[in-house]
Amino acid sequence: MAKLNLSEQVCPYCDSKGQMILHDSYSRYMSTLKANHIKTEILQIPRVKCASCGYTHAVLPEVLIPYTSYSIRFILTVLKDYFLRIHTVEKFVKCIRLLTLRFMLFGICSFLIKS
């Protein structure tokens, strides 16, 4: 992750700018694609605390989608291959051995259909 510039961070709770202080960090797994192979990386996610309101927040890297353990590259590649009919959902599940991928794909597809 690029160097964290706390003076530019805005608190999503109270909208104060420049009031963030480094509070803690935690490890998080991320699945991504490198050279068409799935790689699992362990990221260190910094947590910041707003000096104005006291709330703490995780600062996620841009490549990681919130509430998932997949990189944006992984998700976009899966969607591209699915919509271009390069692979079926069953093929992804078999190749990648991620049962949750089936639910993720169907959830994304049903969202796109409803939109």
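Rules of the game
- Residues numbered from 1 in each chain as written.
- Predicted model: local features only at pLDDT ≥ 70, side-chain atom pairs only at ≥ 80, totals over all residues.
- Heavy atoms only, no water.
- Helix = DSSP H or I, 4+ residues; strand = E, 2+ residues; numbered from the N terminus.
- Buried < 20%, exposed > 50% of the residue type's maximum accessible area, 1.4 Å probe, protein only.
- Contact = heavy atoms within 4.5 Å.
- Phe/Tyr/Trp six-rings, centres within 6.5 Å; stacked < 30°, edge-to-face > 60°.
- Pairing = 2+ DSSP bridges.
- Expected span 1.5 Å × (residues − 1).
- Arc of directions from axis to C-beta.

## Details of the overall build of the chain
Here is step 1 of the chain: The number of helices and strands found in the chain is three helices and three strands.
Here is step 2 of the chain: Across the chain, helices and strands are ordered from the amino to the carboxyl terminus as β-β-β-α-α-α.
Here is step 3 of the chain: The 115 residues of the chain split such that 28% are buried.
Here is step 4 of the chain: Taking contacts inside the chain between residues at least 6 apart in sequence as the whole, the part at least 24 apart equals 47%.

## Quick notes on unusual backbone geometry
Here is step 1 of the chain: Non-glycine residue D15 carries a positive phi angle of around 65°.
Here is step 2 of the chain: With respect to the element layout, D15 can be found in the segment before strand 1 (20-34).
Here is step 3 of the chain: For D15, a relative accessible area of 60% gives the class exposed.
Here is step 4 of the chain: For Y67, which is not glycine, the phi torsion reads 65° and is therefore positive.
Here is step 5 of the chain: With respect to the helices, strands and loops of the structure, Y67 is situated in the loop between strand 3 (56-58) and helix 1 (72-83).

## Some points on the packing of aromatic side chains
Here is step 1 of the chain: For the coordinates displayed, the defined rule picks out two aromatic pairs.
Here is step 2 of the chain: Seen from their ring centres, Y13 and Y55 are 3.7 Å apart, and the 25° between their planes marks the pair as stacked. Within this pair, whereas Y13 is found in the segment before strand 1, its partner Y55 is found in the loop between strand 2 (37-50) and strand 3, the two being separated by 42 residues in sequence.
Here is step 3 of the chain: When the centroid spacing of 4.9 Å and the interplanar angle of 15° are considered together, the rings of Y70 and F74 count as stacked. In this pair, the class of Y70 matches that of F74, namely buried.

## Some thoughts on the pairing of strand 1
Here is step 1 of the chain: Sheet analysis places strand 1 next to strand 2, joined by 14 bridges and oriented antiparallel. Bridging across to strand 2, Y29 finds its partner in I42.
Here is step 2 of the chain: Here strand 1 folds back onto strand 2, and the loop between the two strands holds two residues, one of which, A35, carries a positive phi near 55°.

## Observations concerning helix 1
Here is step 1 of the chain: Taking 1.5 Å per residue, 12 residues should reach 16 Å; helix 1 reaches 16 Å between its end C-alpha atoms and fits that length.
Here is step 2 of the chain: Listed in full, the buried residues belonging to helix 1 are F74, I75, V78, L79 and D81. Angular distribution of buried residues about the axis of helix 1 spans 165°; they occupy a single face of the element. Structural note: helix 1 exposes R73 and L76 on the side pointing more than 90 degrees away from its buried face.
Here is step 3 of the chain: Of the residues trailing helix 1, R85 is marked for its positive phi of about 60°.

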